[in-house]
Amino acid sequence: MKTGEKVKVRSEKSGSLLLITLFILLGLSIYTGQASADLTAIANHDRIKIDFFYHGSNVSVRGISDPDTELIIKISSPDGHQELRQKGKVGGLLWMNVGTLNIEKVPSLYFLASTKKIDEILSKEAMAKDLLGYEAVEKHVEMTPVKDENEKTKWFNEFVKFKENSKLYSVASGNITFTRENGKQNYYTLFEWPYQAAPGNYIVTVYAVKDNRIVEKAEQKVQVEQAGIVKKLAGMAKNNASVYGLLSILAALGAGFGVGLIFRKGGGAH
Amino acid sequence: MYLYLPVALTSINVFIPVGLGLAVGLLSGLFGVGGGFLMTPLLIMFGIPSTVAAATDSNQIVAASTSGTYAHWKIGNVDFKMGLYLLLGGFAGGLAGVQGIKILKAMGNADFVIKITYVLMLGIVGTYMFIESLQSMKKKKVEDAKPAKESALAKLLKALPMQTRFEKSGVTHSILVPVIFGGFVGILAAVMGVGGGFLMVPVMVYILRMPMHVVVGTSLFQILFNCIEVTFLQAYTNHSVDFILAVLLLLGSTIGAQVGTVFGRKLKADQLKVILAGIVLLVTVKIVFDLTLSPSLMLGLGGGH
């Protein structure tokens, strides 16, 4: 091999190395979950306090996005365990609980909003990878006891129905609005936060989608926590159960006698 | 106005539990029932998890039955002696019932047995009380099989040892009678997950032959102690008593129980029985519908019945 050829090969090698490095860097910038310069995500609060008068809240998500991309916004809790009673017919006539369905690796809350239906803008692989859409969640969860995939699908659909009924699961499209400001595109969407959502950490993730794949991601955490008298009572019921039980009984006895005395004084029935 | 319930982990309009408390407290003062067979399903209907609904209901019954027992005691309607024997039997029966449920659960058909027991007991008790009280209201002298059977039962009860006089009720029985029948109600109450007032009242009326007004006061006295025990056990072992929900319920139920006692004095015994029988039958019909109509959701939260 001549020296000139060696130089050419070396420069080709270093060129492809540079390309690979660039790809890796690009890939990292997409998948570390960091907001890039083009996509940002801001929720109206990062902390929801459950106090005495709590009746749910609103979580709005806004930010800047590239006008050439579609958006998907997901709010979900970390994977957990759910145990539910299955209803079935006994003796061909009576409906009652016939078993227990255990679901692992499943979020207790799952909200999805997108500019268009997600299966129209994103590939199946990408949906599965980032758990976008009920189909992806269904593939991800582990369910017992189920005989086959058909039975898993049947019970997963029932599970979604149960969760949607409790306002803890929702998938909708076309509910993100856009405005233009200083040459940039702002997006905005509003989720009704149900009071049924338990205390814990929730993650808001905004995905920018182009050509059937995710090109950018931005994240924000929302923490739901009990506060004040709610926190004190819930803590006492768990950690000081005997005192809590006695206090509950004493309060009831006191109220019963108290009302009895008031009625005797006020009513003068005898 | 909405309040957040720290143990039920849900938010509720305060007028719902206060209103439910008032209505069920009224029944409690009128008929001497705790009202668990009505309140627990109603609370579940308003989104309270079933375990929390049952446990918190016990807590509020402590208040309603204190208020009711106090009101009835003032007018001399509580037979403490009879109440204590019934309580003794009820306590033993409750323990046996809880063990029975454990065995049924292990066999895998607990829910079926619970539901069927519920429907049968409510249906039989409701129908019998309804027919019997209607007949005595019409003052007909009915000679069917039932009174004949009862007199045979009465003879058997008279033959038992340890006969004693219950002054307040004006009856004489063996102390075994309230203990055994209290135990029987205790077993059924534990199996069905209810206080058992709607079973105890007919036992006192038809088997112990106590006057209706003393039945109401004595039943409430007995329920008070049962519910104190259940509240403590539920709070201690299951952490399922919601204090805020209990306070909202008892705000209504303590007042309802007093109003019920006043109304009860104005109604005749047969009128009281026929109304209670009507309510029991309505609940039975509702349960039968729930069991036979297809549910909208095939999954539900665990716990409770």
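Residues numbered from 1 in each chain as written. Chains lettered and ligands numbered in written order. Predicted model: local features only at pLDDT ≥ 70, side-chain atom pairs only at ≥ 80, totals over all residues. Heavy atoms only, no water.

> Explanation requested: the overall build of chain A in the structure shown.
Assigned secondary structure in chain A consists of seven helices and 13 strands. A separation of at least 24 residues holds for 68% of the contacts in chain A among residues at least 6 apart in sequence. Accessible surface for chain A amounts to roughly 15200 Å². Of this, 55% is attributable to carbon and sulfur atoms. (Helix = DSSP H or I, 4+ residues; strand = E, 2+ residues; numbered from the N terminus. Contact = heavy atoms within 4.5 Å. Areas by Shrake-Rupley, 256 points an atom, 1.4 Å probe, with all protein chains shown as cover.)

> I'm lost on a nonpolar patch on the surface in this one. Help?
Among the surface-exposed residues, Phe 130, Ile 131, Leu 134 and Met 137 of chain B lie close enough to one another that they form a single nonpolar patch of about 300 Å² accessible area. By the element assignment, Leu 134 of chain B lies in helix α5 (residues 110-137). (Patch = residues over 30% accessible without salt bridge, like charges linked within 9 Å, V, L, I, M, F, W, Y side chains within 5 Å. Salt bridge = Lys/Arg side-chain N within 4 Å of Asp/Glu carboxyl O.)

> Explain the pattern of salt bridges to me, please; I cannot follow it from the model alone.
Two side chains that carry opposite charge are able to pair once their charged atoms sit near each other. All names here are of chain A. The final tally for this structure, using the stated rule, is 12 salt bridges over all chains. Salt-bridge contacts for Lys 105 lead to Glu 142; the nearest nitrogen and oxygen are separated by 3.4 Å. Taken together, the residues span a long stretch of sequence, with Lys 105 in strand β6 (residues 94-107) and Glu 142 in strand β8 (residues 142-144) at a distance of 37 residues. Exposure remark for Lys 105: the relative accessible area of 33% places this residue in the partly exposed category. (Buried < 20%, exposed > 50% of the residue type's maximum accessible area, 1.4 Å probe, protein only.)

> What should I look at first to understand the nonpolar core in this one?
Nonpolar side chains in soluble globular proteins generally cluster together in the buried interior. Ile 72, Ile 75, Leu 132, Tyr 187 and Trp 193 of chain A are the most contacted members of the largest nonpolar core, which has 60 residues in total. Of all the elements, strand β12 (residues 200-210) of chain A adds the most residues to this core, at six residues. (Core = buried A, V, L, I, M, F, W, Y, C linked by side-chain atoms within 4.5 Å.)

> Sorry, what's going on with the confidence of the model for chain A here?
One rule of thumb: low pLDDT means the predicted coordinates there are not for detailed reading. Residues and elements named next belong to chain A. Counting all residues, the mean pLDDT for chain A is 86, and 84% of those residues have values of 70 or more. For chain A, per-element mean pLDDT is lowest for helix α1 (residues 3-31), which scores 50, and highest for strand β7 (residues 110-114), which scores 97. Of the regions scoring below 50 in pLDDT, residues 1-7 engages in one contact with residues more than four places distant in sequence or in other chains. Every residue in residues 25-36 is under pLDDT 50, and counting partners more than four places away or in other chains gives 17 contacts. (pLDDT = per-residue confidence, 0-100.)

> Would you explain the interface of chain B and chain A in this entry?
Interface size is often expressed as the accessible area that is lost when the parts come together. With 53 residues of chain B in contact, the opposing surface of chain A contributes 53 residues. Counting each side, the surface lost to burial between chain B and chain A is near 4800 Å², with a carbon and sulfur contribution of 72%. Taken as a group, Tyr 4, Met 298 and Leu 299 of chain B account for 17% of the area that chain B buries against chain A, more than any other trio of residues on that side. Between the two partners, chain B and chain A, sit zero salt bridges. Counting across the interface, chain B meets chain A through nine residue pairs in polar contact (both at pLDDT 80 or more). Elements that contribute at least two residues to the side of chain B that touches chain A include exactly β1 (2-5), β2 (10-13), α3 (50-74), α5, α9 (212-238), α10 (243-266), α11 (269-292) and β5 (299-301) of chain B. When the residues that make up the side of chain B that touches chain A are grouped by side-chain class, the tally is 31 nonpolar, 16 polar and six charged. Of the strand pairs in this sheet, strand β5 (residues 79-90) of chain A and β5 of chain B are connected by three bridges, and their pairing is antiparallel. Paired with Leu 84 of chain A across the bridge in β5 of chain B is Leu 301 of chain B. (Buried area = accessible area lost by both parts, 1.4 Å probe. Polar contact = N/O pair within 3.5 Å; in protein donor to acceptor, adjacent residues only side chain to side chain. Nonpolar A, V, L, I, M, F, W, Y, C, P; charged D, E, K, R; others polar. Pairing = 2+ DSSP bridges.)

> How do you make sense of the sheet that holds β8 of chain A when you look at a structure like this?
The pairing of strands in a sheet happens through backbone hydrogen bonds and is either parallel or antiparallel. On the basis of which strands lie adjacent, the open sheet formed by four strands has the order β8(A)-β6(A)-β5(A)-β5(B) and antiparallel pairing. Edge positions in the sheet fall to β8 of chain A together with β5 of chain B, since each of these pairs with one other strand and no more. Each neighbouring strand pair of the sheet contributes to a mean axis angle of 35 degrees, computed without reference to strand direction. Where β5 of chain A and β6 of chain A come together, 11 bridges link them in antiparallel fashion. By the bridge assignment, Gly 88 of chain A is partnered in β6 of chain A with Met 96 of chain A. (Axes fitted to C-alpha atoms, helices over the stretch in contact; angles between N-to-C directions.)

> What's the story with the packing of aromatic side chains in this structure? I'm lost.
For any two aromatic rings, the description comes down to two numbers: the centre-to-centre distance and the angle of the planes. Residues and elements named next belong to chain A. Inspection of every chain in the model, using the stated rule, returns 17 aromatic pairs over all chains. The interplanar angle of 85 degrees and the centroid separation of 5.5 Å between the aromatic rings of Phe 159 and Tyr 169 together place this pair among those described as edge-to-face. Placement of Phe 159 in helix α5 (residues 149-165) and of Tyr 169 in strand β9 (residues 169-173) is noted, with a sequence separation of 10 residues between them. On the basis of relative accessible area, Phe 159 is assigned to the buried category, the value being 0%. Tyr 169 sits in the buried class, given a relative accessible area of 2%. (Phe/Tyr/Trp six-rings, centres within 6.5 Å; stacked < 30°, edge-to-face > 60°.)

> Would you take a moment to explain the sheet that holds strand β11 (residues 184-193) of chain A for this structure?
Residue and element names in this part refer to chain A. The strand order across the open sheet formed by four strands is β1-β3-β11-β10, and the pairing between neighbours is antiparallel. Edge strands, defined here as strands with exactly one partner in the open sheet, are β1 (42-43) and β10 (177-181). As judged from the two bridges shared by β1 and strand β3 (residues 57-65), these two strands associate in the antiparallel manner. Bridge pairing links Ile 42 to Arg 62 in β3.

> Explain α11 of chain B here, please?
Counting along an α-helix, one turn takes 3.6 residues, and residues three or four places apart therefore face a common direction. End to end, α11 of chain B covers 35 Å across 24 residues, agreeing with the expected 34 Å (1.5 Å per residue, within 8%). Taken together, the buried positions of α11 of chain B are occupied by Leu 272, Lys 273, Val 274, Leu 276, Ala 277, Ile 279, Val 280, Val 283, Thr 284, Ile 287 and Leu 291 of chain B. (Expected span 1.5 Å × (residues − 1).)

> Honestly, the side chain of Ser 65 of chain A in this entry has me stumped. Any pointers?
Inspection of the secondary structure puts Ser 65 of chain A in strand β3. A distance of 2.8 Å separates polar atoms of two side chains, one belonging to Ser 65 of chain A and the other to Gln 185 of chain A.

> Explain the environment of Leu 86 of chain B here, please?
Residue and element names in this part refer to chain B. Structurally, Leu 86 is set in helix α4 (residues 80-107). Between the C-alpha atom of Leu 86 and that of Leu 299, which follows or precedes it by 213 residues, the distance is 39 Å. Those residues in contact with Leu 86 that lie beyond four places of it in its chain are Pro 178, Gly 182, Met 200, Met 204, Leu 208 and Gln 222.

> Help me out: how do you make sense of unusual backbone geometry in this one?
Phi is mostly negative for residues that are not glycine, and the peptide bonds are mostly trans. All names here are of chain A. The omega torsion across Thr 144 and Pro 145 is -5 degrees, close enough to zero to call that bond cis. Its identity as a non-glycine residue notwithstanding, Leu 131 has a phi of 50 degrees, on the positive side. Looking at the secondary structure, you find Leu 131 in the loop between α3 (124-129) and α4 (134-140). Taking relative accessible area as the criterion, Leu 131 reaches 17% and is therefore assigned buried. A positive phi is found at Asn 212, a non-glycine position, where the angle reads about 65 degrees. Within the element layout of this structure, Asn 212 appears in the loop between β12 and β13 (213-226).

> Help me out: how do you make sense of the pairing of β10 of chain A in this one?
For a regular strand, side-chain orientation follows a simple rule: the groups alternate between the two sheet faces. Bridge count between β10 of chain A and β11 of chain A: five bridges; the pairing is antiparallel. Within the sheet, the bridge partner assigned to Thr 177 of chain A lies in β11 of chain A and is Tyr 188 of chain A.

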